[in-house]
Amino acid sequence: RGEMLGLEWKDIDWEDNIISVRRTSNYTKAKGYYTDTTKTRSSQRSMKFPDFVIDLLRELKEDQDRQAFLMGTKWTNTDRLFVKDTGEPMFLCMPYKWLEKLCIRNGLPFHGLHSIRHFFASSLIHANVDVAAVSSALGHSAISTTTSIYLHAFQDANARASEAIAAVLDFSKKKKNDTDSNGLQDIAS
C-alpha cells in the first residue's frame, strides 16, 4: 500500500502504458506524511499495463482535476494518484477500508488489500510466466523470496505442466482416435 500510495502522475508513461514504482508514502506522528524510498532497489520497477488500466487512470486524473478546480485554493497539489478530497496524501489505511466497504456493499468476500497482490502473483504463475519475471513484477530482491512465498502456486503450475506432457505422450489415446477417425472415413466411403 505504501508503494501504491506513493505513485505520482509523473510515474505514468501515458504513451507506452508503463507505470513505474519509485517511492513509498509513509506517515508517522512525528513526521506526518513523507515520501521515502522503496524497501530495496529491486522494489523500484516499471511494468507495462493494458489499455483499460491506463484508461481508468485517465478517468481518475480527470476526476482529480475537477476536484482540484472545485476546491480552488483549498486543494493541496501533491501529484499523487490516490489522495483525499483535498488533494492531501491518503492515510495508509484508507485503501484497505475503501476495498472493505466496496466488497460489503456488493456482497463480495473481503480478504484484505494484500490479497490482490497474491492474486496477481498467482495469476502470473498459472499463466506460466517465468519466475524471474514474476519476482521482478512483485519487486522482490531475490527470486528465492518469490518461490518460497508462492511455492504452492508453482507446485500447482508444475502439476499442470506434467499433466499436459502426459496427455501429449499418451499414445494409447492417439491410437484409439486414429482408429476411430479411420473407421469413420471407411464408413463414409
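Keep in mind the model is a prediction, meaning the values are calculated, not measured. (Residues numbered from 1 in each chain as written. Predicted model: local features only at pLDDT ≥ 70, side-chain atom pairs only at ≥ 80, totals over all residues. Heavy atoms only, no water.)

Draft legend 1. Fine view of the nonpolar core. With 10 residues, the main nonpolar core is built from A121, L124, I125, V134, A137, L138, Y150, A153, F154 and A157. Every element with two or more residues in this core is listed here: α4 (114-126), α5 (131-138) and α7 (151-169). If near-sequence neighbours (up to four positions away) are discounted, I125 is found in contact with V134, Y150, A153, F154 and A157. Ranked by size, the runner-up nonpolar core spans 8 residues in total, among them I19, V21, I54 and L57. (Core = buried A, V, L, I, M, F, W, Y, C linked by side-chain atoms within 4.5 Å. Buried < 20%, exposed > 50% of the residue type's maximum accessible area, 1.4 Å probe, protein only. Helix = DSSP H or I, 4+ residues; strand = E, 2+ residues; numbered from the N terminus. Contact = heavy atoms within 4.5 Å.)

Draft legend 2. Quick peek at the packing of α4 against α7. α7 packs onto α4 with a crossing angle of 25° between their chain directions and a minimal axis gap of 9 Å. Classed by the angle they form, the pair α4 and α7 counts as roughly parallel. With respect to the hand of their crossing, α4 and α7 are arranged in right-handed fashion. Contacts between α4 and α7 involve S122, I125 and H126 on the former and, on the latter, A153, F154, D156, A157 and R160. Considering only residue class, the contact of α4 with α7 consists of 4 nonpolar, 2 polar and 2 charged. (Axes fitted to C-alpha atoms, helices over the stretch in contact; angles between N-to-C directions. Parallel < 35°, antiparallel > 145°, perpendicular 65-115°, else oblique. Left-handed = near helix turned anticlockwise from the far one by under 90°. Nonpolar A, V, L, I, M, F, W, Y, C, P; charged D, E, K, R; others polar.)

Draft legend 3. Expanded view of the sheet that holds strand β5 (residues 45-48). Strand order in this open sheet of 3 strands is β1-β2-β5, and the pairing throughout is antiparallel. Looking along the sheet, the strands with just one partner apiece sit at the ends: β1 (12-13) and β5. (Pairing = 2+ DSSP bridges.)

Draft legend 4. Spatial organisation of the pairing of strand β2 (residues 18-21). Where β1 lies against β2, 2 bridges are found, and the strand directions are antiparallel. Residue pairing across strands places I12 opposite I19, the latter belonging to β2. As consecutive antiparallel partners, β1 and β2 are separated by 4 residues, and within that stretch N17 has a phi angle of approximately 60°, a positive value. Note that β2 and β5 share 4 bridges and pair antiparallel. Residue I18 lies in a different strand from β5, and its bridge partner there is K48.

Draft legend 5. Geometry of a nonpolar patch on the surface. Judged by side-chain polarity, I165, V168, L169 and F171 come together as a nonpolar surface patch covering roughly 430 Å² of accessible area. At 3 residues, α7 tops the list of elements feeding residues into the nonpolar patch. Considering the arrangement of structural elements, one finds I165 in helix α7. (Patch = residues over 30% accessible without salt bridge, like charges linked within 9 Å, V, L, I, M, F, W, Y side chains within 5 Å. Areas by Shrake-Rupley, 256 points an atom, 1.4 Å probe, with all protein chains shown as cover. Salt bridge = Lys/Arg side-chain N within 4 Å of Asp/Glu carboxyl O.)

Draft legend 6. Layout of the pattern of salt bridges. Within this structure, the stated rule accounts for 9 salt bridges. Put simply, E8 and K10 hold a salt bridge, and the shortest N to O gap is 2.7 Å. Look at K10 and you get exposed, because its relative accessible area is 54%. Residue D63 pairs with R66 through a salt bridge whose shortest N-O separation is 2.3 Å. With a gap of 3 residues between them, D63 and R66 both fall in helix α2 (residues 51-71), about one helical turn apart. Residue classification places D63 among the partly exposed positions, given a relative accessible area of 43%. Residues joined in a network through salt bridges with shared partners are E8, K10, D11, R22, R23 and R80.

Draft legend 7. Representation of the environment of K61 in the model. One can find K61 in helix α2. The exposure class of K61 is partly exposed, given its relative accessible area of 27%. Sequence separation between K61 and R80 is 19 residues, and the spatial gap between their C-alpha atoms is 9.9 Å.

Keep in mind these numbers describe shape, not what the thing actually does.
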